[in-house]
Amino acid sequence: MRIFKTKWLGRYARRERIADESLREAIARAERGLVDADLGGGVIKQRVARAGQGRSGGHRMLIAYRAGERAIFLYGFAKSERDNIDTDELLTLRDIGAAWLAADARRVAQALTEDALQEVTNEEHET
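Conventions adopted
Residues numbered from 1 in each chain as written. Predicted model: local features only at pLDDT ≥ 70, side-chain atom pairs only at ≥ 80, totals over all residues. Heavy atoms only, no water. Buried < 20%, exposed > 50% of the residue type's maximum accessible area, 1.4 Å probe, protein only. Helix = DSSP H or I, 4+ residues; strand = E, 2+ residues; numbered from the N terminus. Arc of directions from axis to C-beta. Contact = heavy atoms within 4.5 Å. Pairing = 2+ DSSP bridges. Axes fitted to C-alpha atoms, helices over the stretch in contact; angles between N-to-C directions. Salt bridge = Lys/Arg side-chain N within 4 Å of Asp/Glu carboxyl O. Phe/Tyr/Trp six-rings, centres within 6.5 Å; stacked < 30°, edge-to-face > 60°. Lys NZ or Arg CZ within 6 Å of the ring centre and 35° of its normal.

Draft legend 1. Up close: helix α1 (residues 7–16). Within α1, burial applies to Leu9, Gly10, Tyr12 and Ala13. Buried residues of α1, seen end-on, are gathered within an arc of 165° and therefore sit on one face of the element. At its buried positions, α1 is contacted by β1 (2–6), β4 (59–66), β5 (70–78) and β6 (117–120). At the exit of α1 stands arginine 17, carrying a positive phi of roughly 60°.

The following block contains the structure:
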């Protein structure tokens, strides 16, 4: 399973101090069938804990997800800042997610080179 975050999500995660380990843990839960919400079109919503706190009051991450293959963190928001996304945002995220899930290895490699995607690795430091 390869895990990525978009450039926007990478900036958001840095600003909010969300470690790659928290992102990996969210995908590990999804791989075990523990998905907080299936939003359709290959997009799921997972809760991610705030630093030093639990998941319930933390961040919500929208992820393009294909079990056992690829996950791309697309968008995040703090539960304290908004309840959810609107229908238009979800439709746009489904389109973006579908494109990343359908991307071949060459396109993913190009996106990594161009910094449009960042890989979430198992290393201790941020990627």
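Once you've had a look at it, read on.
Draft legend 2. Highlighting the environment of phenylalanine 4. Following the sequence through the fold, phenylalanine 4 ends up in strand β1. Sequence separation of phenylalanine 4 and alanine 49 is 45 residues, and the distance between their C-alpha atoms is 18 Å.

Draft legend 3. Expanded view of the sheet that holds strand β2 (residues 37–40). With mixed pairing, the 6 strands of this open sheet are ordered in space as β2-β3-β4-β5-β1-β6. Pairing within the sheet leaves two strands with one partner each, and these edge strands are β2 and β6. Averaged over all pairs of adjacent strands, the angle between their axes in this sheet comes to 35°, without regard to strand direction. Bridging between β1 and β5 involves 4 bridges; their strand directions are parallel. Following the sheet pairing, arginine 2 is matched in β5 by arginine 70.

Draft legend 4. Region of interest: the pattern of salt bridges. Summed over all chains, the structure comprises 10 salt bridges. With a shortest N-O distance of 2.5 Å, arginine 24 and glutamate 21 are connected by a salt bridge. Separated by 3 residues within a single helix, arginine 24 and glutamate 21 lie in helix α2 (residues 20–31), roughly one turn from each other. Note on arginine 24: relative accessible area 11%, which makes it buried.

Draft legend 5. Inspection of the pairing of β1 at higher detail. For β1, the tally of buried residues reaches 4 of 5 residues, placing the bulk of the element in the interior. Where β1 meets β6, 4 bridges bridge the pair, whose relative direction is antiparallel. Its bridge partner being in β6, threonine 6 is matched across the sheet by leucine 117.

Draft legend 6. View of the packing of aromatic side chains. Taken as a whole and judged by the stated rule, the model has 3 aromatic pairs. Taking the centre distance of 6.0 Å and the plane angle of 40° together, the rings of tyrosine 75 and phenylalanine 77 count as tilted. Considered together, tyrosine 75 and phenylalanine 77 belong to a single accessibility category, that of buried residues. Cluster of aromatic residues (ring-pair linked, three or more members): Trp8, Tyr12, Tyr75 and Phe77. The aromatic ring of phenylalanine 77 is capped on one face by arginine 82, whose charged end is 5.6 Å from the ring centroid.

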